[in-house]
Amino acid sequence: MKQGPEDASASEKTAGTLGPFAGVFTPSILTILGIILFLRLGYVVGRAGLGQTLIILALANGISILTTFSLSAMATNLRVKGGGDYYLISRTLGLEFGGSIGIVLYLAQSVSIAFYCIGFGEVMAEILGRDFHYLPQIIAAAAVAFLFVFAWLGADWATRFQFVVMAILVAALVSFFVGGVQRWDNSLFVHNWSAPAASTNFWIIFAIFFPAVTGFTQGVSMSGDLKDPGKSLPLGTFLAVGLSIAVYFVAATVFAGSLPQDVLMHDYSAMKKVAVVGFLITAGVIAATLSSAMASFLGAPRILQSLATDRIFPFLLPFAKGYGPVNNPRRGVLLSAAIAFATIGIGELNLIAPVVSMFFLISYGLLNYATYYEARSASPSFRPRFRWYDARASLAGAIACLGVMLAVNLIAGVAALAVLLAVFQYVKRTAGRVRWADSRRSYHLQRVRQNLLAAAVEPEHPRYWRPQMLLFSDDAHRRKRLLQFAAWIQGQSGFTTVVRILEGQGPNMPRLREKAEEELQKDIADSGKDAFPLVIGAPDIHQAVQTLVQAFGIGPIRANTILVNWIEKHPGHAGRYFEFIFGRNLRTAYRFGCNIVLLDAKPDKWESLNAVPSGERRIDVWWQGDATGRLMLLLAYLLTRSSEWDDSKIRLIAAGADDDKQKAVEDLEKLLDEVRIEAEVQIVEESDADSIAEESAAATLVFIPFRIRNNRPLDPFGGSLDETLFTLPVAAMVMAAEDIDLDAEPEEGKAAEVALALDTLSDAEKRVQHAEQEFEKMARSAKSIKERLKKMLADPTIRSDEEMMKDLMKHVTAAEERLIKAQRRFAREKAKADDAARQAEALGAKPAPAKDDSPDTL
């Protein structure tokens, strides 16, 4: 029985067979110890000197180490399936980033097969000594065909081939290091430490070397074939990166101590001159190119298969099919081989190569950023078993990748980013629903938490007001119009929560709530508006409303406006009772500080509204100069923020006598100028139901105030709302529970009051301190005078002098009076400071606790 794409995910669950050595370490180390090591490391040492070469090695491998830390954290936090880098990025940053990096990484690895095989072809052509222009390409094509067989058979067969390659590499390196020890020359080492006089730019040399470290994630692409990815990926990658760093540092040192600088700069085969057995270096070059090509041949199809399984690109769906117990992606192998053959045939490798290198760098940067993003979300589910992870290391890795991209090849880096952005936009527009949980929701929730805590610290101010609406709706047919109106009047600045109250109790209530919430979610989705659903079950609707308007929200986000459809007219006693219940619930919400907006939008009126073009729409606001008028004017302005109303006109209608009409117009125009709202002023002689019907019959939307008397909603003149609304178009009836200052200055409001209270307290405390210091000064003076008096009284001569005694007593009395005055002044200032502290505390400020330092009377 054939396996379809839908079975791919099931096949992926089949356990892999490879461990950390065969599945991760081997493909990674063989790709890192590639052609750069054998043919370009000596050139780098010759051009840059050993000192700068070691810096280049440290910078390049620093990116490898930082990315390996990120990889280890992600691999030990998720069960990594097929796709490697793509899987980790898509499950963290979402399908847009994952899909874009997945497709370009697949193409980069497929083209890399051709790169490595052409390198193999050039070496073989040199060995054969044939002067035939297309010979390297022919040999490269043969190499692709040879490696295709191993990739077709599966990872197990390819791994066996890589073991043979590794043995050849080890033999070549041993031959090189032994020869280096035999040829070691201290004078050469000292001379080669510095760069030559005509040295090449540092970043050019860095760009030549950097591709050497871009293979350390080859083992990640094999994640679907690993027995235990969470253990194998960190262990295998760290071992590969650590060993390769040691090999490169030692090899660079051997080059510096074994060959003259001129030889290193001009002879790409300098390693053969150092090695004991030169042929082993040639074999090592051949093995390095073939092993790197083999690693790409294994990794690319698995990325493609994972992309196809996720159904991000519908045209890739056939490539989700796998074969055998480990779900070998043979269709992907065929496509990768075709891309490799085409790349060899085109032959423009020097043009494509820099961009391909940038794609690898982008993947490393996104892997680092994805890990940092996951950590910053502070999700309780982020629990990596890798103990040495730090989010700052991932951020540093992402920044380093971006910096290296721009420093190494600015044009190629910009081109790679442009391609990635183009694919990102395509995926964003065409991808369907997400099929997995990524980290974006956690990140958004963490930002919500941080922003709410920050907003809660700031005191309320009219400048911060925005509509936080509770939209009550039990009628699905009328709910769509209510949602549309809510989207208009929130002006892209507030929140709307659609509320449905289920009256009743019992064991069926949870199921009914769940069903009702699904209906609300569907209605919201169908309307295309931004809103949240909320279903409440309660034994009594009035009690539910009373509790909801008090408890709804979190932190500084509290409901401030109730939006509800105007009730359908019911005949007789039942209609009056229904209107009474309706009005009682509205009054309850109003008493707890919620503005009330009633929408009268019958189907025929709503159709007429939608038929009016935006530029011909008119909004009438019936002004009475109170809090309700200011709220209606603000809601009318918020309406004009939406695309359907952006060219509409607002008309502010108020009543005024004929002899005072011009002044009323000037006053209202001045008000509109101060609050920065464009509107036309219209003055009518009388403001009553007939005037409203006559003036606003041709409007598109009318805002009128209303009131509640004896739990019955009435028009602003105490009449029936039904009669007032009969001849009007779509109307919004408003009753404000809060007075919004439309022209509030930044220096006004609670923040200013708190600041003034704290300033007053600070000044009072300074006066207290000054009074205390003055009191202490007076106390010391009085004490000094008394001590002097005591000494003088001990002299019989002075005691017998009556005039002198009187004079001394006057000084003592005066000192005591000054001391008492100072104490009284201190007490007054202390009382004022205590009063200022109480006022500041009442405004929500937190003054420092007052000290009980009242001085004692001496």
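Small disclaimer: the values here were computed from a predicted structure and weren't measured.

Rules behind the numbers
- Residues numbered from 1 in each chain as written.
- Predicted model: local features only at pLDDT ≥ 70, side-chain atom pairs only at ≥ 80, totals over all residues.
- Heavy atoms only, no water.
- Helix = DSSP H or I, 4+ residues; strand = E, 2+ residues; numbered from the N terminus.
- Rg over C-alpha atoms; globule rule 2.2 N^0.38 Å.
- Contact = heavy atoms within 4.5 Å.
- Areas by Shrake-Rupley, 256 points an atom, 1.4 Å probe, with all protein chains shown as cover.
- Buried < 20%, exposed > 50% of the residue type's maximum accessible area, 1.4 Å probe, protein only.
- Polar contact = N/O pair within 3.5 Å; in protein donor to acceptor, adjacent residues only side chain to side chain.
- Pairing = 2+ DSSP bridges.
- Axes fitted to C-alpha atoms, helices over the stretch in contact; angles between N-to-C directions.
- Core = buried A, V, L, I, M, F, W, Y, C linked by side-chain atoms within 4.5 Å.
- Patch = residues over 30% accessible without salt bridge, like charges linked within 9 Å, V, L, I, M, F, W, Y side chains within 5 Å.
- Salt bridge = Lys/Arg side-chain N within 4 Å of Asp/Glu carboxyl O.

Caption draft 1: Fine view of the overall build of the protein chain. Each helix and strand counted, the protein chain has 31 helices and 14 strands in total. Taking 29 Å as the expected radius of gyration for a compact globule of 858 residues, we find that the protein chain reaches 41 Å, considerably beyond that expectation. Over its C-alpha atoms, taken along the principal directions, the protein chain stretches across nearly 120 × 110 × 60 Å. Relative to all contacts within the protein chain whose residues are 6 or more apart in sequence, the contacts with residues 24 or more apart total 82%. Carbon and sulfur atoms provide 56% of the accessible area of the protein chain, an area that totals close to 41,400 Å².

Caption draft 2: View of the side chain of Ser379. One can find Ser379 in the loop between α16 (349–376) and α17 (391–408). Note on Ser379: relative accessible area 13%, which makes it buried. A polar side-chain atom of Ser379 sits 2.8 Å from a polar atom in the side chain of Ser381. Dropping the residues within four chain positions of it, Ser379 is found in contact with Glu374 and Ser442.

Caption draft 3: Structural detail: the sheet that holds strand β3 (residues 532–538). Taken in spatial order, the 10 strands make up an open sheet running β3-β2-β1-β6-β7-β14-β11-β8-β9-β10, and their pairing is mixed. In the strand order of this sheet, the two ends are held by β3 and β10 (680–684), each with one partner. For this sheet the average axis-to-axis angle between neighbouring strands, irrespective of direction, equals 25°. For strand β11 (residues 701–705) and strand β14 (residues 730–735), the ladder comprises five bridges, and the chain directions are parallel. Following the sheet pairing, Val702 is matched in β14 by Ala731.

Caption draft 4: Looking closely at the nonpolar core. In this structure, Leu37, Phe38, Phe209, Tyr248, Met294 and Phe297 are the most contacted members of the largest nonpolar core, which totals 120 residues. Top element by residues in this core is helix α6 (residues 95–128). It accounts for 16 residues. Counting residues in hydrophobic clusters, the runner-up holds 55 residues, among them Ala636, Ala654, Val675 and Ile683.

Caption draft 5: Looking closely at a nonpolar patch on the surface. On the surface, a cluster of nonpolar side chains totalling about 530 Å² of accessible area is made up of Val170, Val174, Val178, Val276, Val277 and Phe279. On the secondary structure map, Val178 appears in helix α8 (residues 155–182).

Read these as spatial facts, not as claims about activity.
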